[in-house]
Amino acid sequence: MSEEEGRERAVTADGDAESMNDGRALVQPPARSGDVITPTRAVLTLSKSMFNAGCFSLPYAWKLGGLWVSFVMSFVIAGLNWYGNHILVRASQHLAKKSDRSALDYGHFAKKVCDYSDIRFLRNNSKGVMYFVNVTILFYQLGMCSVAILFISDNLVNLVGDHLGGTRHQQMILMATVSLFFILLTNMFTEMRIVSFFALVSSVFFVIGAAVIMQFTIQQPNQWNKLPASTNFTGTITMIGMSMYAFEGQTMILPIENKLDNPAAFLAPFGVLSTTMMICTAFMTALGFFGYTGFGDSIAPTITTNVPKEGLYSTVNVFLMLQSLLGNSIAMYVVYDMFFNGFRRKFGARFPNVPKWLSDKGFRIFWVLVTYLMAVLIPKLEIMIPLVGVTSGTLCALIFPPVFEMITFWTDWKGLLTHRQRMFKIFINCCVIAIGCFAIIAGVYTNILAIVTSFATPDP
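Here is a short report on the structure shown in this document. Note that the structure is a prediction, hence the values are computed from the model and not measured.

Quick notes on the rules
Residues numbered from 1 in each chain as written. Predicted model: local features only at pLDDT ≥ 70, side-chain atom pairs only at ≥ 80, totals over all residues. Heavy atoms only, no water. Helix = DSSP H or I, 4+ residues; strand = E, 2+ residues; numbered from the N terminus. Rg over C-alpha atoms; globule rule 2.2 N^0.38 Å. Buried < 20%, exposed > 50% of the residue type's maximum accessible area, 1.4 Å probe, protein only. Contact = heavy atoms within 4.5 Å. Areas by Shrake-Rupley, 256 points an atom, 1.4 Å probe, with all protein chains shown as cover. 1 Å grid on protein atoms, 1.4 Å probe; cavity = no way out; pocket = protein on both sides within 12 Å on 5 of 7 lines; lining within 4 Å. Points joined across faces, edges and corners; volume = space filled by probe spheres on them. Nonpolar A, V, L, I, M, F, W, Y, C, P; charged D, E, K, R; others polar. Phe/Tyr/Trp six-rings, centres within 6.5 Å; stacked < 30°, edge-to-face > 60°. Lys NZ or Arg CZ within 6 Å of the ring centre and 35° of its normal. Axes fitted to C-alpha atoms, helices over the stretch in contact; angles between N-to-C directions. Parallel < 35°, antiparallel > 145°, perpendicular 65-115°, else oblique. Left-handed = near helix turned anticlockwise from the far one by under 90°.

**Observations regarding the overall build of the protein**
Here's step 1: Within the protein, the secondary structure is distributed over 16 helices and 0 strands.
Here's step 2: On C-alpha atoms alone, the protein measures out to a radius of gyration of 23 Å, which is about the 23 Å that the 2.2 N^0.38 rule sets for 460 residues.
Here's step 3: Oriented by its inertia axes, the alpha-carbon framework of the protein measures out at about 75 × 65 × 40 Å.
Here's step 4: Burial statistics for the protein: of 460 residues in total, 52% are counted as buried.
Here's step 5: Considering only residue pairs separated by 6 or more positions, the protein has 80% of its internal contacts joining residues 24 or more positions apart.
Here's step 6: Here the protein has roughly 21,100 Å² of accessible surface; of this, 67% comes from carbon and sulfur atoms.

Have a look at this one:
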């Protein structure tokens, strides 16, 4: 076999669409048609899935971790997220082509990983692995969406609560019920093109709100030379957990790649993934740095609290509330994408006379109502959801991707890579897995401490 043929086989087996010396990609996933989006809209949609209200807790996270430790860790966390997302999509595209599928969602991708594995145990339990991955993502998405309802209702109470009677909790339930109508409306659309349009409009509101906050923040006297470079172990771990949770878009990676008109553009050097990660990293690092150095030890758990409530600044919460309202359909799209086909097949077989549109809308209404009930019925939900985020989010970002990549390419690596190259890939993936396991254990510990403290402290 010639050297050129060997290089071509290596690229094919590894699932990459990388360019050779003449600049042409040897392996390109086929183009898609139908309900697809362009790379630009994919960047906007993926960015919006990562830009949420959790971002505005980053300056407080920097306070917990220390200025320069948090600065360095921001890039480390972003790099780990990029790496996990990159190898996830690469393995997914490889298995989709191998199984003659145009695309794979996260659960079916996990199943295909096991189906094509050389390990009999994995082949025999591929459905169990798929269910575990799906449940992990389900809890993560439902948690994010229920917290979004809390965020919207809390801001509505702040705006009009003085004109309402009852306790604050009763007002929160009323405002959550009001927002439920609009959330249901945005979740009735099935096409990614429409969901990505909501993401575009939501991004506009987010950018306006963020720009107002940053404009006020950079006017504050900068205190970078007075702030501690580092803090303690517990604070640093909490900072890492909050920063991991700020990258809320891990579960949107495959749904967006599956709807991209040109799949090769997702992993290109300046493609959808790399562009999105650069934008998100730059914004989150700037917000954390300027927010913490601007307000110092007086930084609030959410920086929006440090912004005045009069004049132009009074519009911040309105803009952020609107972006959460429109962005809800993006997070819920993951749930629909994973579960609806299986539900429709089983429901249609049991109730063949029910129109397809009715089962579709009923399915969507059910899951939105679940998030609503979580928001209004579970006490102190806002401090318990980060526990779900640090576990499910870290599994999706740092545990599943390297494990699935090694299983997917294990046989190919043995035949096409040198021993040193193979050991290097395995070493990198094992390091990422170890970091992910450490983040989960430490995150669970710190979040449980916060939950116990919160329940032990009486409400004002």
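There is more to say, and it comes next.
**Details of empty space enclosed by the protein**
Here's step 1: All told, the structure shown has 2 cavities of 30 Å³ or more when counted by the stated rule.
Here's step 2: Its volume calculated, the largest cavity comes out at about 80 Å³.
Here's step 3: Every residue along the wall of the largest cavity is listed here: Leu-58, Trp-62, Ser-74, Ile-77, Ser-243, Phe-247, Thr-281, Met-284 and Thr-285.
Here's step 4: Secondary-structure elements contributing two or more residues to the lining of the largest cavity are helix 3 (58-65), helix 4 (67-98) and helix 12 (272-295).
Here's step 5: Looking at the lining of the largest cavity element by element, the count peaks at 3 residues for helix 12.
Here's step 6: For the lining of the largest cavity, the residue count by class is 5 nonpolar, 4 polar and no charged.
Here's step 7: Taken together, Asp-105, Tyr-106, Thr-251, Leu-254, Pro-255, Val-334, Asp-337 and Met-338 form the lining of the second largest cavity.
Here's step 8: Put simply, the parts of the chain that give the lining of the second largest cavity at least two residues each are helix 11 (253-258) and helix 13 (316-350).
Here's step 9: The element that contributes the greatest number of residues to the lining of the second largest cavity is helix 13, accounting for 3 residues.
Here's step 10: When its residues are assigned to classes, the lining of the second largest cavity shows 5 nonpolar, 1 polar and 2 charged.

**Re the packing of aromatic side chains**
Here's step 1: With the rule as written, the count across this model stands at 32 aromatic pairs.
Here's step 2: Three or more aromatic residues joined by ring pairs form one cluster here, namely Tyr-336, Phe-339, Phe-340, Phe-343, Phe-347, Phe-351, Phe-363, Phe-366 and Trp-367.
Here's step 3: The cationic tip of Arg-364 hangs over the ring face of Tyr-336; the distance from NZ or CZ to the ring centre is 4.3 Å.

**Description of the layout of surface pockets**
Here's step 1: By volume, the second largest pocket amounts to about 1,100 Å³.
Here's step 2: If you trace the second largest pocket, you find 40 residues lining it, with Asp-105, Tyr-336, Asp-337, Met-338 and Asn-341 closest to the centre.
Here's step 3: Put simply, the parts of the chain that give the lining of the second largest pocket at least two residues each are helix 7 (126-160), helix 11, helix 13 and helix 14 (356-377).
Here's step 4: Of all the elements, helix 13 adds the most residues to the lining of the second largest pocket, at 12 residues.
Here's step 5: Its residues assigned to classes, the lining of the second largest pocket comprises 16 nonpolar, 9 polar and 15 charged.

**Considerations on the packing of helix 5 (residues 106-115) against helix 7**
Here's step 1: It is the contact of helix 5 with helix 7, at a shortest axis distance of 8 Å, that shows an interaxial angle of 155°. Considering their axes alone, helix 5 and helix 7 lie roughly antiparallel with respect to each other. The interaxial crossing formed by helix 5 with helix 7 has right-handed handedness. Side by side, helix 5 and helix 7 meet where Tyr-106, Gly-107, His-108, Ala-110, Lys-111, Cys-114 and Asp-115 of the first sit next to Ser-126, Lys-127, Val-129, Met-130, Val-133, Asn-134 and Ile-137 of the second.
Here's step 2: Taken together, the residues that form the contact of helix 5 with helix 7 break down as 7 nonpolar, 4 polar and 3 charged.

**Description of the packing of helix 10 (residues 233-246) against helix 16 (residues 419-456)**
Here's step 1: Axis separation between helix 10 and helix 16 bottoms out at 9 Å; the angle between their running directions is 110°. Here helix 10 lies roughly perpendicular to helix 16, going by the angle between them. Only Phe-438, Ala-442, Gly-443 and Thr-446 of helix 16 make contact with helix 10, whose side of the interface consists of Phe-233, Thr-234, Ile-237 and Thr-238.
Here's step 2: Residue classes in the contact of helix 10 with helix 16 are distributed as 4 nonpolar, 4 polar and no charged.

In short, shape yes, function no, at least from these values alone.
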